[in-house]
Every structure is written in C-alpha cells, then in structure tokens.
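Structural overview
As a plain string of letters, each chain reads:
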Amino acid sequence: MSHSRRLSLEPAIDSTSRRFRDSLTLQRDDDVNKPDFRELDLGSPVSTLMPRVSSAAATPTSSSGSSGSVSGKPSVTSQMVKSHSGEISRSGMPTTTPNLKPGHRRSSSTGTPLIFSGSSFYSVASQSSGATSAVSPSPAVLPAGNICPSGRILKTGTATRTSTRAETLWTGTGNYGHGNVVKSGGGITGKTNHAVARAAVNGESSEELKRLGNDMYRRGNFSEALSFYDRAISLSPENASYRSNRAAALTALRRLGEAVKECIEAVRLDPSYSRAHQRLASLYLRLGEAENARRHLCFSGQCPDQADLQRLQTLEKHLRRCWEARKIGDWRTAVKETDAAIANGADSSPQLVACKAEALLRLNHIEESQFCLSCTPRLDHHQSQAKLFGMVAEAYVLCIQAQVDMALGRFENGVVKAERASMLDQTNPELVSVLNNVKMVVKARTRGNELFSLGRYSEASVAYGDGLKHDSSNSVLYCNRAACWYKLGLWEKSVEDCNHALKIHPSYIKALLRRAASYGKLGRWEDAVRDYEFVRRELPGDSEVAASLERAKTALSQESKSLGFNNEVEEVSSLDKFKNSVSLPGVSVFHFKSSSNRQCEEISPYVNTLCLRYPLVHFFMVDVEESLALAKAESIRKVPTFKMYKNGDKVKEMICPSHQFLEDSIKHFLL
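Residues numbered from 1 in each chain as written. Predicted model: local features only at pLDDT ≥ 70, side-chain atom pairs only at ≥ 80, totals over all residues. Heavy atoms only, no water.

1. Overview of the pairing of strand 12 (residues 641–646)
- Strand 12 sits mainly inside the fold: five of its six residues count as buried.
- With six bridges joining them, strand 12 and strand 13 (residues 649–655) adopt antiparallel strand pairing. Paired with M644 across the strands is K652, a residue of strand 13.
- Between the antiparallel neighbours strand 12 and strand 13 lie two residues, among them N647 with a positive phi of about 55 degrees. (Buried < 20%, exposed > 50% of the residue type's maximum accessible area, 1.4 Å probe, protein only. Helix = DSSP H or I, 4+ residues; strand = E, 2+ residues; numbered from the N terminus. Pairing = 2+ DSSP bridges.)

2. Some thoughts on the nonpolar core
- L312, L315, I366, F389, Y396, V404 and Y508 are the most contacted members of the largest nonpolar core, which totals 90 residues.
- If you tally residues by element for this core, the top one is helix 13 (residues 393–407), at 10 residues.
- Each residue touching L315, except ones within four places of it in the same chain, is listed here: L285, G288, A290, A341, N344, A346 and L352.
- Counting 16 residues, the second largest nonpolar core, distinct from the first, contains V589, I603, Y606 and L662. (Core = buried A, V, L, I, M, F, W, Y, C linked by side-chain atoms within 4.5 Å. Contact = heavy atoms within 4.5 Å.)

3. Notes on the confidence of the model for the chain
- Here the chain shows a mean pLDDT of 73. Residues at 70 or above account for 67%.
- Of all secondary-structure elements in the chain, the lowest mean pLDDT belongs to strand 5 (residues 167–169), at 34, while helix 17 (residues 475–487) reaches the highest, 94.
- In the predicted structure, residues 1–193 sits below a pLDDT of 50 and forms 357 contacts with residues beyond four places in sequence or in another chain. (pLDDT = per-residue confidence, 0-100.)

4. Focus: the sheet that holds strand 13
- Strand order in this open sheet of five strands is 9-11-10-12-13, and the pairing throughout is mixed. At either end of the open sheet lies a strand with only one pairing partner, and these are strand 9 (570–571) and strand 13.
- Packed onto the sheet, helix 22 (residues 575–582) meets strand 9, strand 10 (587–593), strand 11 (618–623) and strand 12 and runs at close to 150 degrees relative to strand 10.
- Sheet strands touched by helix 25 (residues 659–670): strand 10, strand 11, strand 12 and strand 13. Its angle to strand 13, the strand with the most contacts, is close to 170 degrees. (Axes fitted to C-alpha atoms, helices over the stretch in contact; angles between N-to-C directions.)

5. Some words on the packing of helix 11 (residues 350–362) against helix 12 (residues 366–374)
- One way to put it is that helix 11 packs onto helix 12 with a least axis distance of 8 Å and a crossing angle of 170 degrees. Put simply, helix 11 runs roughly antiparallel to helix 12. Facing V353, A354, K356, A357, L360 and L361 of helix 11, the residues of helix 12 in contact are I366, E368, S369, C372 and L373.
- The residue makeup of the contact of helix 11 with helix 12, split by class, is eight nonpolar, one polar and two charged. (Parallel < 35°, antiparallel > 145°, perpendicular 65-115°, else oblique. Nonpolar A, V, L, I, M, F, W, Y, C, P; charged D, E, K, R; others polar.)

6. Examining the pattern of salt bridges
- Counted by the stated rule, this structure contains 30 salt bridges.
- The closest approach of N and O atoms between R321 and E337, which form a salt bridge, is 3.8 Å. Of this pair, R321 sits in helix 9 (residues 306–328) while E337 sits in helix 10 (residues 331–343); the two residues are 16 residues apart in sequence, bridging distant segments of the chain.
- Of the charged contacts, one joins K417 and D405 as a salt bridge, the two residues approaching to 3.0 Å between their closest N and O atoms. Taken together, the residues span a long stretch of sequence, with K417 in helix 14 (residues 411–424) and D405 in helix 13 at a distance of 12 residues.
- Residue classification places D405 among the buried residues on the basis of a relative accessible area of 4%.
- Taken together, the shared-partner salt bridges in this structure form one network comprising D230, R243, R246 and E262. (Salt bridge = Lys/Arg side-chain N within 4 Å of Asp/Glu carboxyl O.)

Laid out in structure tokens, this is it:
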C-alpha cells in the first residue's frame with residue numbers, strides 16, 4: 001500500500017520558508033518490507049551511518065524540512081519509518097551523495113535541501129568558511145541531521161493524505177534518532193514498543209532483521225539469530241516466515257517445545273505454508289508423535305519429503321512392535337524396539353523414554369529404570385494430546401514415574417504423580433487402576449508401620465503382605481516385612497524377603513543390613529561379613545556399620561577356632577580316614593577328583609572359595625588316581641563327583657554340578 005502525507009509546519013516562518021513548505025511532501029515505497037541489500041559504511045560520529053563517496057559527480061537533491069520545531073511542539077504528521085540522513089562534508093573534503101536505500105529517493109525538482117531552524121529554513125552551502133546561508137545555492141552539499149522523518153519527498157502538487165492520529169517527536173538521547181517522528185498515543189513503553197522504537201532509530205526493517213538472523217543462523221550463532229528473529233517479529237508479528245525461522249533457531253538450541261509452538265503459530269497465520277508444515281512434522285518425529293507428524297507431513301495438496309516419510313513409517317513400525325510386546329509382557333523386546341525408535345530419530349521423546357523405563361522396571365532393573373527416567377527430555381511450553389498405548393503421552397510418562405517412585409519408597413511423590421496422570425486422562429482405565437493400586441499400597445504401608453511401632457509384628461507383616469498384593473515389585477514392603485520376621489525370630493523368612501527386595505533393588509542398603517543381621521542370628525557369619533563389607537564400601541564413614549562388620553569378623557574367627565577348622569580343603573587318601581571324616585557332626589562335602597581332568601581343575605578353586613565362605617562345613621578332597629581302593633569302594637565312575645553327608649548319613653550325590661547348584665545344595669543342608 002502506498003500513500004503520501006502533506007507536512008504541516010509551524011506558522012512562524014518567513015516567506016521563503018512558506019514557499020518551500022508548499023513543495024514538501026512525504027512519499028512511501030511499495031517495497032518498504034523488502035530487505036535493503038546495499039552495504040553501509042559505519043563511522044560517522046554524528047550518525048550511525050556514513051554514506052559512501054560516489055565516484056560520479058554529485059547531483060542536485062532536495063528534501064523536506066525538519067521533522068519538528070525547536071520548541072518541541074508536535075508540528076509534523078508522519079508515520080514512524082526508517083530515517084537515514086546524509087552528513088555535512090568537512091571543509092576541504094569532496095562533496096558526496098548518499099547511497100540511499102530503496103524508498104529514500106529524493107526529487108531533483110525542488111533545489112537544495114533545507115533545514116528548518118525554529119522559525120525559518122536555511123540551505124546548507126559548501127563554503128570554505130563553513131557558514132550557512134538563507135538562500136539556496138550549492139547543490140553539491142548534503143544536509144546534516146534529519147531532513148524529514150523518512151528522508152523521502154513528495155513532488156509539488158502531489159495529493160496528500162493526513163493521518164487521524166497525532167504524531168510527536170521522539171526525544172531519545174542517542175546521537176541518531178533524536179527528533180524522529182513517532183505516533184502519539186502509543187508511547188515507547190513495554191518490550192515490544194521498545195523494540196519497535198529501537199528498530200526505527202537504527203533504521204531497521206523487519207526484512208533486514210530477518211536477513212541478519214539468517215546470516216547468524218548460517219554461521220552457527222543461533223542465540224544471536226533468535227534475537228534478530230524476535231526483533232523482526234516485534235515489527236511484523238503476523239509474518240509466518242519469521243515464526244518459522246524462529247522455530248529453526250529454537251530447534252538448533254534444543255528448545256523443541258518452544259519450536260513446536262512457533263511452527264503451530266506459523267501454520268495458523270498461513271495454513272498453506274508448506275515449509276512450516278514440514279518443519280513441524282520433523283519436530284513431531286523427534287518427539288515420537290507419529291500421528292501428529294503424519295498430519296503435517298501429508299497435509300492437503302503437498303507432496304511429503306521422502307526422507308521424512310521413511311522416518312515416519314519406521315517410527316510407526318517400532319511403536320507398533322512396542323505396543324504388541326507390552327500387551328504380552330515381552331519386556332526385553334519392548335526395550336529393544338524403544339531403543340530402535342530413539343535411534344531412528346525420535347531422540348527427544350519423553351514417552352519413549354518412559355516406555356523403556358517401564359520395561360526395565362518390570363524386569364526388576366529398578367536402578368536402570370530410575371536412571372532412564374532421569375534422562376527424560378524436558379519440553380517446556382509444549383502441551384500435546386498425542387497418545388501412546390491408548391494414554392495421553394504426558395499422562396503415561398507421569399504414570400511410569402509414579403510406579404518407579406513407589407518401588408524406591410518415595411510414596412508421597414508416587415501418589416502426586418499418579419493423581420496428576422489421572423487428571424490428564426481421566427477416562428483411561430489403566431491410569432485409574434494404577435492410581436488405585438498406589439493408594440492401596442500407601443494405605444497398607446501406613447497401617448503396617450503403625451502396627452510395627454506398637455510391637456504387633458505379626459499383624460504388621462500381614463498389612464505389608466496386603467500391600468504386596470497390589471504391587472509385587474515394591475522393595476520397601478518386602479524389606480519392612482523382613483523386619484517383622486526378624487522380630488518374630490523367623491530369620492529364614494527374613495532372609496527370604498530381603499532377597500526379594502535386593503533382587504528388585506540390588507543396592508538397597510537397609511535390606512542388606514537386615515539380611516546381614518539375620519545371617520548373624522543363623523550363625524552364617526561368612527554371609528554376614530560379606531553383606532557388611534558391601535555396605536561398608538557404600539558407607540565408608542558409618543561407624544555403626546564398621547562396628548557390626550568387626551563383630552561379624554570376630555564371631556567368624558572364634559567359631560572357626562572352636563571347631564578346629566583351618567578353612568582349608570583337607571585331603572583324604574585312605575578308606576579308614578574317609579570313614580572317620582564321614583562320621584563328623586554337621587555337614588561334610590567330599591570332592592572326588594582327578595588331576596588330569598579339565599573339569600576337576602576348573603571347579604577346584606571354587607571349592608576352596610566355598611570352604612572359606614562356609615566355615616561350618618567340612619570340605620574333603622579325594623584324588624581317585626592316588627586312592628583307587630577308596631574310589632572303587634565308593635563306586636566313583638566319573639569325576640568330578642561330590643558326596644554330601646550330614647551327621648554321618650549321605651544326603652546327596654552330584655556328578656559335574658554347576659557352581660550355583662553346588663552352593664545351593666550346601667546351603668540347603670547346612671540350614
């Protein structure tokens with residue numbers, strides 16, 4: 001749109017000024033929103049712009065009068081636009097013509113430019129003395145200061161259009177811009193208006209700011225690019241391309257939630273803007289929102305980018321496989337497919353991270369699940385109704401976080417997150433079930449704690465058991481019930497519940513301490529020492545743990561001495577000695593081996609370890625090659641063979657057992 005306005009000057013001017021006043025007008029370019037690609041020389045002490053020296057001879061120019069009066073009263077009607085003036089050439093220097101921007105053309109029909117000085121105009125002449133004259137001679141000299149608000153002139157006789165809004169001078173204190181005309185009634189206040197005023201002072205257009213932002217983006221200066229795009233938007237808030245470019249800068253800064261918001265705004269401003277749709281689809285792919293990505297990638301009338309379409313189809317495939325694995329409880333496959341989806345480009349998807357965390361939780365890898373959730377991407381300013389597994393994605397993330405908190409004993413946090421998840425998706429039955437379970441577990445734990453504090457340990461164990469019916473992977477409830485068994489003298493059951501808790505949460509300190517104490521009551525000091533040593537490494541400054549470890553070591557040493565054990569595997573070579581060893585009280589283990597057998601050589605070091613681990617058990621070794629009569633009497637046909645006796649009676653015989661099976665058998669008969 002183009003329009004012109006007649007400039008009205010104060011009445012107190014002379015006839016010469018009045019004559020020139022009638023010839024002054026303001027013209028606006030149709031191309032005002034296009035960027036100015038001309039380069040400017042910086043260096044003027046008065047203005048931020050220094051015009052280039054033209055190689056051709058200067059041509060006569062003319063301009064309008066001053067943008068305001070000396071008295072400061074508003075006397076000019078104009079619109080805030082860019083204002084670039086020329087400079088007075090120094091004495092003895094060649095005169096120059098400014099390298100004007102588009103829209104800054106000056107008419108050659110009105111003679112030398114005039115500057116209004118309070119009550120009259122005066123022309124600027126190039127004289128050796130530097131003085132000014134009231135007439136208009138030299139056309140070769142350019143005026144200093146602002147000639148008119150925009151530096152544009154309307155030819156004499158051009159029709160004018162007046163604004164209905166009053167305009168005032170801006171009284172900025174900078175070297176450039178003092179006296180620029182701005183609209184009154186819309187003062188330079190607030191962040192947006194301040195940005196507009198600054199842009200007007202610096203002669204910036206929104207397209208120029210966009211160009212500068214693009215340049216910064218190409219250089220990798222994304223924060224600086226974002227600043228330029230912000231300033232461009234403040235001048236042209238309805239421009240969709242500025243919003244899209246701002247989204248690109250935010251994406252580079254990993255502020256994906258804000259980038260999505262900007263792309264949505266760009267599409268709202270221009271529903272057919274294909275670049276914004278494509279950028280938004282790419283963002284949704286990174287967020288793992290396949291349905292939203294497909295809607296913008298394949299929007300009406302556009303051919304989707306084939307690379308993005310391939311990524312979308314791959315993401316949909318992995319999400320489908322995750323859904324199928326989750327339905328049948330195949331959690332290892334769920335982990336595999338989630339990792340594949342993230343590797344395919346959905347690297348900023350909170351719901352996919354939560355899916356992996358859920359699978360790890362079901363596999364009793366609670367610590368890995370917690371670590372996985374700690375890496376969940378944060379998406380500020382992004383509220384999506386995208387769904388995963390039939391749940392709103394954000395609600396699903398909160399649901400898994402609640403269950404992990406519960407497994408780690410953070411009951412209050414678990415309740416809060418479960419309630420938030422239920423509020424986000426109130427009709428989803430799975431979320432309702434999770435919330436009910438969480439509340440029942442918290443109720444059972446509270447009831448159990450109350451009964452335990454009253455010394456009613458049997459009833460407390462029942463209460464904790466009720467909680468485990470609603471959450472069978474809750475390590476805290478197992479550990480609390482183990483405490484009840486310990487108080488009731490049921491140390492075997494205490495060890496069993498501690499084992500359950502540690503299977504879910506391997507570094508659970510309280511469960512390790514409780515199991516060590518139970519081992520002590522059972523006289524299994526080797527096991528107690530092992531648990532105390534682990535806790536000691538985790539809590540090196542805990543004096544109570546250190547004291548418990550020393551007591552367990554002392555008890556182990558005294559027990560070994562009282563039984564006469566030297567914690568070494570004893571060799572048996574005669575039938576008589578074998579019969580005497582079998583008749584010993586307690587558990588005795590005989591290892592029939594051959595020094596030439598590879599399996600025997602592999603398992604022998606482990607037998608030595610078991611000897612140290614279980615000092616109450618008698619360990620013996622028989623070399624069948626050296627004791628053929630003994631081997632024949634015991635019908636040894638294959639090595640390694642293990643025979644176990646308890647109080648003189650044979651209780652078990654094993655041929656080539658695994659390490660774990662051998663130890664489990666020893667533990668079984670020892671108890």
